[in-house]
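This is what each chain is made of:
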Amino acid sequence: MRPIVFLEHHGDELDPGALGVLGKAASIGSGEVAGVLAGKGLGALALEAGKFGVSKVYLADDEALVPPLPQPRIDLLESVVRSGGYDTVLFSTSVLAADVAAGLAVRLEAGLNWDLIDLSERDREPVGKRLALQDSVLVDVGWRSEHRIALFRRGVFDVATSDAREPEVEEINVALQEHSRQATIVGHTPREEEGPSIEDAEVIVTGGIGLGGAEHFALAEELAGLLGGVVGATRAAVYKGWYPSASQIGQTGKTVSPRLYIALGISGAVQHKVGMQNSKVIIAINKDAGAPIFEFSDLGVVGDVHTIVPKLVELLRQRSGS
Amino acid sequence: MKVVVCVKHVPEGRLRFDAGGMQLDRSVPGDINDGDRNAIEEALRLKDSYGGEVVVVSVGPEQATESLRAALAMGADRAVLLSDPAAAGSDLVATSRMLSKVLERESADLALFGQQTSDGVGGVVWQAVAERLRLPFVSQVAHLAVDGAKLRAIQQTEFGDNVVEAALPAVVSVNDAINEPRYASLKGKMAAKKKPLEVLALNEVGISATEAGNAGSKTVVLAVAEPPPRANSIRVEDDGSAAQVVFDYLVERQLV
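Keep in mind that what you see is a predicted model, and the values were worked out from it rather than measured. (Residues numbered from 1 in each chain as written. Chains lettered and ligands numbered in written order. Predicted model: local features only at pLDDT ≥ 70, side-chain atom pairs only at ≥ 80, totals over all residues. Heavy atoms only, no water.)

1. Describing the overall build of chain B
(1) Moving on: For chain B, the count of helices and strands is six helices and 13 strands.
(2) Moving on: By principal-axis analysis of the C-alpha atoms, chain B measures approximately 65 × 45 × 40 Å.
(3) Moving on: Expressed as a percentage of its 256 residues, the buried residues of chain B come to 50%.
(4) Moving on: Long-range contacts, defined here as pairs at least 24 residues apart, represent 68% of the contacts in chain B between residues at least 6 apart.
(5) Moving on: Total accessible area on chain B is roughly 11100 Å²; 51% of this is exposed by carbon and sulfur atoms.
(6) Moving on: Within chain B, the 35 negative side-chain charges are centred at a point lying 6 Å from the centre of the 27 positive side-chain charges. (Helix = DSSP H or I, 4+ residues; strand = E, 2+ residues; numbered from the N terminus. Buried < 20%, exposed > 50% of the residue type's maximum accessible area, 1.4 Å probe, protein only. Contact = heavy atoms within 4.5 Å. Areas by Shrake-Rupley, 256 points an atom, 1.4 Å probe, with all protein chains shown as cover. Lys, Arg positive; Asp, Glu negative; His and termini not counted. Charge placed at Lys NZ, Arg CZ, Asp CG, Glu CD.)

2. Thoughts on the overall build of chain A
(1) Moving on: Helix and strand counts for chain A come out as eight helices and 17 strands.
(2) Moving on: The C-alpha radius of gyration of chain A comes to 22 Å, within 12% of the 20 Å expected for a compact globule of 322 residues.
(3) Moving on: For the C-alpha atoms alone, the extent of chain A along its principal axes is close to 65 × 45 × 40 Å.
(4) Moving on: Across the 322 residues in chain A, those meeting the buried criterion constitute 59%.
(5) Moving on: Here the contacts in chain A between residues at least 6 apart in sequence split such that 63% fall between residues at least 24 apart.
(6) Moving on: Both charge centroids of chain A, one from 29 positive and one from 43 negative side chains, sit 4 Å from each other. (Rg over C-alpha atoms; globule rule 2.2 N^0.38 Å.)

3. Thoughts on the sheet that holds strand S9 (residues 137-143) of chain A
(1) Moving on: Pairing in this open sheet of 10 strands is mixed, and the strands run S11(A)-S5(A)-S4(A)-S1(A)-S6(A)-S10(A)-S7(A)-S8(A)-S9(A)-S12(B) from one edge to the other. Edge positions in the sheet fall to strand S11 (168-171) of chain A together with strand S12 (219-225) of chain B, since each of these pairs with one other strand and no more. Within this sheet the neighbouring strands show an average axis-to-axis angle of 35 degrees, counted without direction.
(2) Moving on: Relative to strand S5 (residues 56-61) of chain A, strand S4 (residues 34-39) of chain A is paired through six bridges, and the arrangement is parallel. From the neighbouring strand, Gly35(A) faces S5(A), where its bridge partner is Val57(A).
(3) Moving on: With respect to the sheet, helix H3 (residues 70-84) of chain A is in contact with strand S1 (3-6), S4, S5 and strand S6 (88-92) of chain A, its orientation differing from that of S4(A) by roughly 150 degrees. (Pairing = 2+ DSSP bridges. Axes fitted to C-alpha atoms, helices over the stretch in contact; angles between N-to-C directions.)

4. Quick notes on helix H6 (residues 242-252) of chain B
(1) Moving on: Looking only at H6(B), the buried set comprises Ala242(B), Ala243(B), Val246(B), Phe247(B), Tyr249(B) and Leu250(B). Angularly, the buried residues of H6(B) cover 160 degrees about the axis, an arc narrow enough to put them on a single face.
(2) Moving on: Of the surrounding secondary structure, the elements contacted by the buried residues of H6(B) are strand S15 (260-264), strand S16 (281-286), strand S17 (299-302) and helix H8 (305-321) of chain A together with strand S13 (234-237) of chain B.
(3) Moving on: Just past H6(B), the residue Gln254(B) takes up positive phi, approximately 55 degrees. (Arc of directions from axis to C-beta.)

5. A look at the packing of aromatic side chains
(1) Moving on: Here the structure, examined in full by the defined rule, presents five aromatic pairs over all chains.
(2) Moving on: A ring pair is formed by Phe6(A) and Phe91(A), whose centres lie 5.6 Å apart and whose planes are at 45 degrees; its orientation type is tilted. Taken as a pair, Phe6(A) in strand S1 and Phe91(A) in strand S6 lie far apart in primary sequence, 85 residues in all.
(3) Moving on: By relative accessible area, Phe6(A) is classed as buried at 5%.
(4) Moving on: Classification of Phe91(A) as buried rests on a relative accessible area of 0%.
(5) Moving on: Just above the ring of Tyr86(A) sits the side chain of Arg2(A); from NZ or CZ to the centre is 4.6 Å.
(6) Moving on: Here the basic side chain of Arg253(B) rests over the ring of Tyr249(B), its NZ or CZ set 3.7 Å away from the ring centre. (Phe/Tyr/Trp six-rings, centres within 6.5 Å; stacked < 30°, edge-to-face > 60°. Lys NZ or Arg CZ within 6 Å of the ring centre and 35° of its normal.)

6. Details of the interface of chain A and chain B
(1) Moving on: At the junction of the two partners, chain A supplies 84 residues and chain B supplies 79 residues.
(2) Moving on: In terms of surface lost to chain B, no three residues of chain A exceed Val95(A), Leu133(A) and Arg144(A), which account for 10% of the buried area on that side.
(3) Moving on: One can count four salt bridges joining chain A with chain B.
(4) Moving on: For Glu131(B), the salt bridge is made with Arg107(A), and the minimal N-O distance between the two is 2.8 Å.
(5) Moving on: Looking at the side of chain A that touches chain B residue by residue, the class counts come to 41 nonpolar, 25 polar and 18 charged.
(6) Moving on: For strand S12 (residues 183-190) of chain A and strand S9 (residues 160-167) of chain B, the ladder comprises seven bridges, and the chain directions are antiparallel. Along S9(B), the bridge assignment pairs Gly187(A) with Val163(B). (Buried area = accessible area lost by both parts, 1.4 Å probe. Salt bridge = Lys/Arg side-chain N within 4 Å of Asp/Glu carboxyl O. Nonpolar A, V, L, I, M, F, W, Y, C, P; charged D, E, K, R; others polar.)

7. With respect to the domain arrangement of chain A
Residue and element names in this part refer to chain A.
(1) Moving on: Per the domain assignment, the segments making up chain A are domain 1 (3-181) and domain 2 (203-320).
(2) Moving on: A separation of 33 Å is found between the C-alpha centroids of domain 1 and domain 2.
(3) Moving on: Listed per partner, the contact involves seven residues of domain 1 and seven residues of domain 2.
(4) Moving on: Here domain 1 and domain 2 share one salt bridge between them. (Domains from an automatic or database assignment.)

8. What to know about a negative patch on the surface
Residue and element names in this part refer to chain A.
(1) Moving on: Taken together, the side chains of Asp 12, Glu 13, Glu 199 and Asp 200 present a region of like negative charge at the surface.
(2) Moving on: Relative to the assigned elements, Asp 200 resides in the loop between S12 and strand S13 (203-207).
(3) Moving on: With a relative accessible area of 60%, Asp 200 lands in the exposed category. (Patch = residues over 30% accessible without salt bridge, like charges linked within 9 Å, V, L, I, M, F, W, Y side chains within 5 Å.)

9. Quick word on the sheet that holds strand S1 (residues 2-6) of chain B
Each strand in a sheet pairs with another by means of backbone hydrogen bonds, the pair being arranged parallel or else antiparallel.
(1) Moving on: Read across the open sheet, the 10 strands follow the order S12(A)-S9(B)-S8(B)-S7(B)-S10(B)-S6(B)-S1(B)-S4(B)-S5(B)-S11(B); overall the sheet is mixed. The two strands at the open ends of the sheet, each matched to only one other strand, are S12 of chain A together with strand S11 (197-200) of chain B. Pairwise comparison of adjacent strand axes, ignoring direction, gives a mean angle of 30 degrees for this sheet.
(2) Moving on: The sheet contact formed by strand S7 (residues 137-147) of chain B and strand S10 (residues 170-174) of chain B spans three bridges and is parallel. Residue pairing for S10(B): Phe137(B) is matched across the bridge by Val171(B).

10. Focus: the pattern of salt bridges
Residues and elements named next belong to chain A.
(1) Moving on: Under the counting rule described, the total for this entry stands at 35 salt bridges over all chains.
(2) Moving on: Its salt-bridge partner being Asp 118, residue Lys 24 comes within 2.9 Å of it at the nearest N-O pair. On the criterion of sequence distance, the pair formed by Lys 24 in helix H1 (residues 16-26) and Asp 118 in strand S7 (residues 111-122) is long-range, its members being 94 residues apart.
(3) Moving on: The class for Asp 118 is partly exposed, based on a relative accessible area of 27%.

As structure tokens, this is what we get:
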């Protein structure tokens, strides 16, 4: 396998999802893994990627690659993969990465396996792992094309620094195809962030419809405060206006993988599950004993959040007071 | 303007594999993929503003005609289904080839897709179709406007909203924030029965059997197994002591 990773970046930060995939790729086979970085003035980022296991970075320093549009990146990756002789292209899922991966699959007539949670080598052939059918089965998937494309579930690998080495950096130019120049970004509104970023939080307490109203989110905030965490909300709770949309976790919101995830009054529909299932420890409190969330919780409590959480808050207070 | 909406017929309820154990069982009752309703709604709104035609397109088993009829009942003008036994088991490469052939035949100003399907959670088809057609595409669109020969879209991403302009013809996938899909009226359902619904086979769009289905696919399922359960999962009913149980659990695992 000759792997190459799409190193997505935003501002002056490499995407942690892509760095996780980089670490995974470096742990398989020869350990040699390349990366592609596109934008303007990214020399320092290219060197920084060395800390996470990349041995060679293709750096496309081009004004045309500054806006995060997929199609110019498809042109770039096609060119690098073909000229560099890479056979496996790896992505950490994001709106941009999925767009690039899908387009690249067509250019290379390559198989694309998505939503992967792991990758290994068997008889020198890469094999991916994927959860399917609403995560009820674990599937081993393979490729039968000259090039292979793998999209990994966001946040599935921890970011690990390896022995710092300086990667080889090769500057490259890309010729854009006609149809890749037909879209432009004319405006951008950053996601409004208040307080600590939910994606970086070690502890998240999330409220769903079962909380019963906007006023009950104070309970979630109190618990999160005592645990040093932040508060999240399901799409349904956000939709009802109970909590800001920047806190939404799930398919149309953020994907998180904290050390501790506490779900209050959340049924655990698959749309929510995909945003939080990589959490290390999941505790769920819900009145409905049949709620799907109990199927993927480490500790499931069938009961009323409005009686249990205040008591838990009290216990935590006593402990921190002692 | 002419808008084509690509819809997918997905199995309802709990998903399972077929007898062979490697493919989704699509013989069970199904319905139109939820996210596709937003795409149909958006197409109908564009038609309300600019006139023209809304065509719904699907690739799938014969039962997919049910989903196409549902789209016609919402207000689409006509439907095209590409259905062929040789198409079963198609992956992204093969599916995008089939859809792009149908879209080529329609040559619309705009092709709309719904976000992620409920059966595969893929979210990678429209980009592949757009690349085959060599058209610009925009994903995760929460607001869409058309102005002459170009579109203007608000795209939601993990890092904020982008305002994207693209030349038409183009491919757009909408998310569920874009609108509230209408329900089909009784009158709409009656009218849908009389609207044209064309069923095509692979050879009618110039695709050979070896380019579709398993034969035309570049990915393969090697094995299927039970996922490992969360190790040592605990379940308790609250008898008044649940707060203490949670507290002890947190302390034991050094989470506080």
